[in-house]
Amino acid sequence: MIFRAKANKALDRAEDPRETLDYSYQKQLELLQKVRRGVADVATSRKRLELQLNQLQGQSAKLQDQGRKALALGREDLAREALSRRAALQQQVTDLETQHQTLQGEEEKLTLAAQRLQAKVDAFRTKKETIKATYTAAQAQTRIGEAFSGISEEMGDVGMAIQRAEDKTAQLQARAGALDELMASGALDDPSGMAKDDLAAELDRISGGSDVELELQRMKAELAGGTPQQAIESGQKQEQPRPNMDK
């Protein structure tokens, strides 16, 4: 049972309906050819009987003429013999006519059967081609669907890979930003020694601002015609706080 089941399944996979239809159509054509040969054989037999009938009818007519001539010559015995032979031939003619009618009836039946079979074969051929075209179209649609399904699966994998890459990139960016903030705040030590704490950073900012102010005062003094030292001292005096007169 297992072997039969597996064999049946294997045959079902290997079977192509289009090949089966073509094979059935070929068998029908062979049957139609046999019927046509049968019609041709019956027609040949009928034609042969017709030739024999023509010969016997010719001989019968000849014997009849011979009997008439013999009777005219006063040879009644010869006339009787001719008529006797004609009667025997007439019996053969009757038998051949019966056979001829039978063969003619068989020929008509076979001709009608051949015509009906031809119509069925033509209808089957049309249906066969329609089924084959439909099967081919369905097979193509199935293959296209399978191809699209495979593409969809691959695109899904690609989408997942892109999502994972974006997640890892965002994670690395967040980690890098957090490390920068920690190193800037002094929570982490810079092994290279180039990072500064918050106090040093603030002093550098103030000193940088003072340098800018000094450079600005020099530029003003040069424009006013004074010396840079006087501009600096003037700027320092202007920066001294005024006394509070309310006290």
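Quick notes on the rules
- Residues numbered from 1 in each chain as written.
- Predicted model: local features only at pLDDT ≥ 70, side-chain atom pairs only at ≥ 80, totals over all residues.
- Heavy atoms only, no water.
- Helix = DSSP H or I, 4+ residues; strand = E, 2+ residues; numbered from the N terminus.
- Contact = heavy atoms within 4.5 Å.
- Salt bridge = Lys/Arg side-chain N within 4 Å of Asp/Glu carboxyl O.
- Buried < 20%, exposed > 50% of the residue type's maximum accessible area, 1.4 Å probe, protein only.

Undergrad: Which parts of the structure should I look at to understand the side chain of arginine 46?
TA: Among the structural elements, arginine 46 can be located in helix α2 (residues 17-72). Setting aside residues up to four positions removed in sequence, arginine 46 forms contacts with His100, Leu103, Gln104 and Glu107.

Undergrad: How should the pattern of salt bridges be read in this particular structure?
TA: Once their charged atoms are close, side chains differing in charge can pair, the charge on each being opposite to the other. Under the defined criterion, the tally for this structure stands at eleven salt bridges. Notably, a salt bridge pairs lysine 132 with aspartate 22, separated by 3.2 Å at the nearest N-O pair. Taken together, the positions of lysine 132 in helix α3 (residues 76-185) and aspartate 22 in helix α2 put the pair 110 residues apart, joining distant regions of the chain. According to the relative accessible area criterion, aspartate 22 is partly exposed, its value standing at 30%. A salt bridge links arginine 68 to aspartate 65; the shortest N-O distance between them is 3.1 Å. Of this pair, arginine 68 and aspartate 65 both sit in helix α2, three residues apart, which is roughly one turn of the helix. Here aspartate 65 falls in the partly exposed class, since its relative accessible area comes to 39%. Through salt bridges with shared partners, a single ionic network connects Asp22, Lys128, Glu129 and Lys132.

Take it as geometry only, folks, not as evidence of what the structure does.
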